[in-house]
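Remarks on the overall topology
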Amino acid sequence: MAAHLKKRVYEEFSHVVQIPHEEAPAKKVRLSKPSKSAALHIDLCKATTSTDALQSLLQFARKPVEVESVEGVVRILLEHYYKEADNSVRLKIASLLGLLSKTQGFSPDCIVDDAINTLNNEKSHQVLAQLLDTLLVIGTQLPESPAVRQRLIEMACKHLSDTYFGVRNKCLKLLGCLGMMDTSLTKDTEGQGTSSGGARDIQSIISDYFGDQDPRVRTAALKAMLQLHERGVRIHEIIYDQACRLLSDDYEQVRSAAVQIVWVLSQLYPESIVPIPSSNEEIRLVDDAFGKISHMISDGSWMVRVQAAKTLGSMLQVSPHFLEQTLDKKLMSDLRRKRTAHERAKELFTSGEFSSGRKWADDAPKERLDTNTVNLIASGACGAFVHGLEDEMFEVRIAAVEALSQLARSSASFAEKCLDFLVDMFNDEIEEVRLQSIHVLREISTHITLREDQLDTVLAVLEDSSRDIREALHELICYTNVSTKECVQLALLELLKNLNKYPTDRNSVWKCLKFLGSRHPTLVLPLVPELLSTHPYFDTPEPDMDDPAYIAVLVLVFNAAKSCPTMPALFSDHTFRHYAYLRDSLSHLVPPLRLPGNGLDLVDSRCGSGSVESAQLFLQQSLNRVSTIQNLEAPGAQDLLNFTIRDLQRLGELQTELAGAADFCATYLRCQLLLMKALQEKLWNMAVPLCLKQNVTATAAAQQILEETYKLEFLYSGLESRQVATIHHVRLQARALQLILTARSRQGLEPLIGSCERFLQDIESFQRLFLAELPYLQDSFVDQLLELLPRLSSCKPVELVRILQSTLRQSGLLQLPLPEQIHRATATIIEPTGESDNPLKFTTGLVVALDIDATLEHVQDPQNTVKVQVLYPDGQSHVIHPKPGDFRKPGPDRHRLITQVYLSHSAWTEPSQIEVRLLLAYSSSSTSLSSSPASRLGWSDSIDGLPPPELAVEGTIPFSKPVKVLIMPKPARR
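Note that the structure is a prediction, hence the values are computed from the model and not measured. Note that residues are indexed from 1 along each chain, following the sequence as it is written. Side-chain atom pairs in this predicted model are given and counted only at pLDDT of 80 or more, local residue features only at pLDDT of at least 70, and totals for whole chains, interfaces and linings cover all residues. Side-chain numbers here rest on the full set of heavy atoms in the structure, without hydrogens or water.

**Some remarks on the overall build of the chain**
Definition in use: For helices the rule is a DSSP run of H or I covering at least 4 residues; for strands it is a run of E covering at least 2, with both sets numbered from the N terminus onward. Partly exposed describes any residue whose relative accessible area lies between the buried limit of under 20% and the exposed limit of over 50%, with all areas from a 1.4 Å probe on protein chains only and scaled to the type maximum. Whether two residues touch is decided by their heavy atoms; if any such pair falls within 4.5 Å, the residues are in contact. Residue burial considers only the protein chains on display, and all accessible areas are found by Shrake-Rupley using a 1.4 Å probe.
Of regular secondary structure, the chain possesses 43 helices and 20 strands. Burial analysis of the chain (974 residues in total) assigns 45% to the buried set. By sequence separation, contacts in the chain at least 24 residues apart represent 73% of the contacts at least 6 residues apart. As presented, the chain carries roughly 51,600 Å² of accessible surface, and 51% of it is formed by carbon and sulfur atoms.

**A closer look at the packing of helix α13 (residues 239-246) against helix α14 (residues 252-268)**
Rules: Between the N-to-C directions of two axes lies an angle of 0 to 180 degrees, each axis being a line fitted to C-alpha atoms and, for a helix, fitted only over the stretch in contact. Whether a crossing is left-handed or right-handed is set by the direction in which the near helix is turned from the far one by less than a right angle, anticlockwise for left-handed and clockwise for right-handed. Here the nonpolar group is Ala, Val, Leu, Ile, Met, Phe, Trp, Tyr, Cys and Pro; Asp, Glu, Lys and Arg are the charged ones; every other residue, Gly included, is treated as polar.
Their axes nearest at 8 Å, the elements α13 and α14 cross at an angle of 150 degrees. In the packing of α13 onto α14, the handedness of the crossing is left-handed. Of the residues in α14, those in contact with I239, Y240, A243, C244 and L246 of α13 are V254, R255, A258, I261, V262 and L265. Residue classes in the contact of α13 with α14 are distributed as 10 nonpolar, no polar and 1 charged.

**Thoughts on the packing of aromatic side chains**
Selection criterion: Centres within 6.5 Å are what make two rings of Phe, Tyr or Trp a pair, Trp counting through its six-membered ring; a difference in plane orientation under 30 degrees is then read as stacked, over 60 as edge-to-face, and the rest as tilted.
A complete count under the given rule lists 12 aromatic pairs for this structure. Judged by centre distance (5.0 Å) and plane angle (55 degrees), the rings of Y164 and F165 are tilted. Relative accessible area serves as the criterion here: at 24%, Y164 is assigned to the partly exposed category. Residue F165 is classed as partly exposed on the basis of its relative accessible area of 22%.

**Things to note about the sheet that holds strand β13 (residues 848-857)**
Put simply, the rule reads: Between any two strands, at least two bridges found by DSSP are needed for them to pair.
The 4 strands are arranged β11-β13-β17-β16 in an open sheet whose pairing can be described as antiparallel. Each having just a single partner strand, β11 (826-831) and β16 (887-891) make up the two edges of the open sheet. Along the sheet, successive strands turn relative to each other by an average axial angle of 30 degrees, direction set aside. The sheet contact formed by β11 and β13 spans 5 bridges and is antiparallel. Paired with T828 across the strands is T855, a residue of β13.

**What to know about the pattern of salt bridges**
We apply this condition: Here a salt bridge means any side-chain nitrogen of Lys or Arg lying within 4 Å of a carboxyl oxygen belonging to Asp or Glu.
This structure, assessed with the given rule, holds 35 salt bridges. Two residues, D762 and R735, come together in a salt bridge whose shortest N-O distance is 3.6 Å. You can see D762 sitting in helix α38 (residues 749-769) and its partner R735 sitting in helix α37 (residues 721-744), a full 27 residues away along the chain. Among the residues examined, D762 registers a relative accessible area of 17% and is labelled buried. Overall, the relative accessible area of 24% leaves R735 in the partly exposed class. Each of R467, E471, D853 and R896 takes part in salt bridges that share partners, so that together they form one network.

**Let's talk about the packing of helix α3 (residues 50-61) against helix α5 (residues 87-101)**
Using the following cut-off: For this classification, under 35 degrees means roughly parallel, over 145 means roughly antiparallel, 65 to 115 means roughly perpendicular, and everything else is oblique.
With their axes 9 Å apart at the nearest point, α3 and α5 run at an angle of 20 degrees to one another. The angle between α3 and α5 places the two elements in the roughly parallel class. Regarding α3 and α5, the two cross each other, and that crossing is left-handed. Of the residues in α5, those touching α3 at S50, A53, L54, L57, L58, F60 and A61 are S88, V89, K92, I93 and L96. By residue class, the composition of the contact of α3 with α5 is 9 nonpolar, 2 polar and 1 charged.

**Focus on α3**
Basically, it comes down to this: Here the expected length of a helix is defined as 1.5 Å per residue gap, with one fewer gap than residues. Here the arc refers to the directions that run from the helix axis out to each C-beta atom.
Compared with an ideal rise of 1.5 Å per residue, which puts 12 residues at 16 Å, α3 spans 16 Å between its outermost C-alpha atoms and is within 8% of the ideal. Of the positions making up α3, those classed as buried are A53, S56, L57, F60 and A61. For α3, the buried positions fall inside an angular range of 135 degrees around the axis, keeping them on one side.

**Focus on the side chain of R168**
Note the threshold: Side-chain atoms alone can form a polar contact between residues adjacent in sequence; in general such a contact is a pair of N or O atoms within 3.5 Å, and within protein one must be able to donate a hydrogen while the other accepts it.
Looking at the secondary structure, you find R168 in helix α9 (residues 165-178). The buried category is assigned to R168, whose relative accessible area is 6%. Looking at R168, its side chain comes within polar contact range of the main-chain oxygen of T163, at 3.2 Å. Beyond its immediate stretch of four places on either side in the chain, R168 contacts L160, D162, T163, Y209, D212, D214 and V217.

**Observations concerning unusual backbone geometry**
The amide bond that connects E831 to the next residue, P832, takes the cis arrangement and shows omega of 0 degrees. Looking at where P832 falls in the secondary structure, it is placed in the loop between β11 and β12 (840-843). Positive phi, close to 60 degrees, is recorded for H858, a residue that is not glycine. The residue H858 is located in the loop between β13 and α42 (862-865) in this model. One non-glycine residue with positive phi stands out, namely D861, at about 55 degrees. Checked against the element boundaries, D861 lands in the loop between β13 and α42.

**So, the side chain of T709**
As for its placement among the helices and strands, T709 is situated in helix α36 (residues 692-714). If we ignore the near neighbours within four places in the chain, the residues touching T709 are C671, I727, V730 and R731.

**Let's talk about helix α7 (residues 125-141)**
Compared with the 24 Å implied by 1.5 Å per residue over 17 residues, the 25 Å span of α7 between its first and last C-alpha is a close match. Regarding α7, the residues found buried are V127, L128, A129, L131, L132, T134, L135, L136, V137, I138 and G139.

**A word on the pairing of strand β17 (residues 894-903)**
For β17, a buried count of 7 out of 10 residues is recorded, marking the element as mostly surrounded by other parts of the structure. Where β13 lies against β17, 10 bridges are found, and the strand directions are antiparallel. When the sheet's bridge partners are listed, A849 is paired in β17 with Y902. Linking two consecutive strands that pair antiparallel, namely β16 and β17, is a turn of 2 residues; a positive phi of about 60 degrees is found at D893 within it.

**Notes on the confidence of the model for the chain**
What counts, and what does not: Every residue gets a pLDDT, meaning the predictor's confidence in that residue, from 0 to 100.
Scored by pLDDT, the chain has a mean of 79; 80% of the residues are at 70 or more. Note that pLDDT drops below 50 for residues 332-338; the model gives that stretch 18 contacts with residues more than four away or on any other chain. Across residues 928-950 the pLDDT falls below 50, and counting only partners more than four positions away or on other chains, this stretch makes 21 contacts in the model.

**A few points about the environment of I477**
The residue I477 is located in helix α25 (residues 467-478) in this model. The class for I477 is buried, based on a relative accessible area of 5%. Spatially, the C-alpha atoms of I477 and L513 are 8.4 Å apart, while their sequence positions differ by 36 residues. Apart from residues no more than four positions distant in its own chain, I477 is found in contact with L459, L495, C512 and L516.

**Here we look at the state of the cysteines**
Selection criterion: Pairs of cysteine sulfur atoms within 2.5 Å are what we label disulfides.
Per the stated rule, a full pass over the model turns up 0 disulfides. Free of any disulfide, C512 has its nearest neighbouring cysteine sulfur in C478, separated by 4.4 Å. Given a relative accessible area of 0%, C512 falls into the buried group.

**Here's the deal with the environment of D861**
Among the residues examined, D861 registers a relative accessible area of 39% and is labelled partly exposed. Here the side chain of D861 touches N864 through a polar contact of 2.7 Å, side chain to side chain.

**Some remarks on the environment of V70**
Inspection of the secondary structure assignment puts V70 in helix α4 (residues 67-83). Residue V70 is classed as buried on the basis of its relative accessible area, which comes to 0%. In contact with V70, not counting residues within four places along its chain, are V65, L100, T103 and F106.

Dropping the structure here:
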C-alpha cells in the first residue's frame, strides 16, 4: 500500500503540463538620425574664438548633409552669420551657403531674401564677392524663376561700382550667367557705375567695363560676354570695334579673351561690311577679323599666339586672297587699295604734265607711298602661318600646323600652296611637331601631289628612331600621289633601307608598298624589268622567298598589276610561282590577279555585287528558321541548332562584313543548345543518386552558358538594349539551372538559402535595368518569374526550387533580334611571330624583355580592359597590365599595342615554349552602375556613401590566338 501511494505521489509530481507559448508582440524600433543643424548649432555655440568657429565649419564641410536637413542647417548658418564679426568666418559661411544650394532635391528659393539682405549689409569686399558667388549658384539652381533672376541681376548691377576688383568680377560673371536678351535696367538699378540714363540691356552694361582700369575686370567682362554667347544670346555687332581695340591691351588674359570675342562676332556677322581706318575702303567683317587675329600670331605671349593660331583654323569663310596672304611675308598686290583710272587722270591733271620742281620728289615712283595707309590687311598679319610655323614655342607650331590642316581641307588651292611649309615641318626638332605634321599631310593628301624634291624631304624622316614617326610616315605614303616613276623608285629604295635598318617595320612597309603600287600602276610598269631583274634573253637567278625585301618588291608589283593588264607579260616563270605562294600566305597584301596561260585564273569570286545583301538575308532566314524550334522534338531541335550554328560560323568566315553578327548569333544559339541538353527529359525524371554523371554534365553546361553570356555582352560592340536584355535573360536561365542543381545535390540548407536570396536579387536587378524592354519579353522565362515574384519572395527554398524547375522546363527559345551594326573585338599579335627556332636565353633570377606588338579591332577602352597573359610550361600564369602610353589609335575602332613584357623563371634543362595571348577584362558591375541615379550624390558631390555593387563578377576573355615563344633560362654562373 505504501509503495502504491509512493508511486501515485511521484506520478502527480512528475506530471508535465505544456502551456501553449504565446508569442510576444515584436517591439517596433524607430531609427532616428542625429540632426545636422542641432550638432552644428552646438559646435558653433561652443566656439569661443573665431578660429574655433572656422575650424568647426571646416569639419562640417567634409560631411554630407541630407536633403531634409539642408534648410535647418542654412538657418543656423544665417543666424550665426548675423552674430559673427570676423570676416573669415562670414566668408566660410557664405561659401557653405553656396554649396548647400547645390544639394539635389533642395530648392534654394527660400534663402534668396536672406542672401540679398546679407549682401546689402555687408561691408567686407571679400565677403561681398563670396556672397555674389552664392547668389550665382542660387540663380543657376532656379532657372524657371524669372523674378528671382531679375532681382539677382539688379543686385549685381548695384555693386558694379564697387572699388574692389573681385566684387566687380563676380558681378560681371553673374550678369553673363543669368542675363537674358530681354533684360533691361534703368539708371537707378545700375548704381553709380553707369552714366547714361534710360533703359539699357545687359550687353551694353557689360561692354562698359571693357575699358575698366583693372585688367582682371576687363577679362571678366569679355568672359561674361562669351558666356552670354554660349547661352544662346546673340551678341551685338557694335561690340566688334571695342573688342578689336582690346587686341592691343597690355595684359595677355585680356588679349586672349578679345581674340575669342572677335572670332565669335566673325561667325555671327561674316558678311557685314566694316570700314578700313584711314581710307575709304570697306571689307567683309570675317576678312577683317581674320587679318586682326593673324596679327596676334606675332604677340609677345605664347599663350595668345596659341589661341590665335587655333582660332584661325576655324575661320573657313574667309576670302581666298586673305587666306593666301598668311603664307607670304610680303604684302600681295591684291591686298593694296588700287586707284581707279579716273583718280589717276585727275591727279595727273592737277599736278601738270611735267614736274615744276617746286615740290620735293613730287614725281617720285608711286610705289613709295606709305603702304600702312592703303593696305586692306595689317602688315603684321602678312605671313601669319609662316611666323607660327617658325615660332620658338613648340605649342605654337603645333597649333599652326593644326590650323593649316583645317583650312587646307576646305580649300584645295590653299592645300597646294601650304604643302612646302608642311613638308619643312618634318625636320622640326620636337617629335610631337613632326608627328602632327605627318598626320596633317595625310589628311590633305587627296588635294596634293608630291614633287621629287618634296618626296625626298619626306622620305628622309624614315631614318627617325621613333617607331611612331616611321609608321605615321608609312601611312602617309599609302595615300600620297607622286608625279613621276623616279618618285616611285625613290620611295621604294628608301622603304627598303628602312626595312633593312628596322626589321620590325616589316608589316608596315609591306602595307605601304601595297597602296603605293595600287595608286600608281602606270608609273610602276616601266620599272618592272628592273625591279624583278628580268632579261629578254638570259635567265636570271630565282630570288630567295625568305627575303623580306624581295617580298616587298613583289607586293608593289602585284598590286600595280591588278590595274595594269599588260604587266603580267613581263613576269618570269618563278614570279608566277611566287605569286601563288604569296596569295596563300599573305592574302591581305596580294590581290587576286588573272594570270593567263599558267592555270592561275584566280579572280576572287566572292566580290559579287549582292553578296553582302544575300548573306544578310541568309542570316535573317537562319534566325527565323530557329524560331520554329518549339514545334520539334528534342533530337530534331538539337540537330537544327547544330546545323544553324555550323552555317553561321561558315558565314562569318566567308563574309567579313557580317562576321561579328554571325558569330554573335552562333554563340547565342550555342547557349540555347547547351540549355536544351541540360534540360532534357531523362535527367529530371530519375532519382538524384542515379544521375550523378548527368548532374555533373548539367553543372558544366550551366557554367559554360554563363561564360558565353559574358562573352556576348563584353566581347561585342554596338549592342542595342534589346540584345543586352536577351543576353541577361539567358544568364538568368543559367543561374536558375545552377540553383536547381544546387538543391538536387543536397549540400545543406544554408547554401541553398543564400543561393535563393541571390537569385531573387538577380530578378529584381533585371527588372530595374530592363524595364523598358519587358514588353518585348512577353511569355518568356523572366516574364513568368516576375508574375510569380511575390510568391517566390515569401515561399520556402524547396518550393522556390520546385517552381523554378517547372518554369524553366516550360520556357521556350527567346527570339534574338537581328543586330544591325555589331562588331567583335579581335586582337592580332604581330610580334613575336612564334616562327623563330632560336630560344630567348637569359640567366635564372634575372629578367628578359619580350617585345609585344599587336593590333586591336573594335575594343572599347583598351587602356583599362586589355591585358597580356604569359603561360609557362609548368602551369604558372602571369597577367600583365600594359601602361596607357603603350596604346596608339591609328584609326577609328583600331588600336595598336606596343609594349614590353618581362619574363623570369627558374633554371630549365632544355628550351621550352611559353604562350603569350591577349585578354579582355570585364566586370559585370559596369552595366549596373551605368543606371545608378545621380540623386545618390550628396551636397558635397561625394561618392563615399554609395553602396558597393552587389554580386559583381569580374573575369577575362581570351580574344587573340596564342603565340608560342621559345625561351631558355640558364643557371647562374658561380
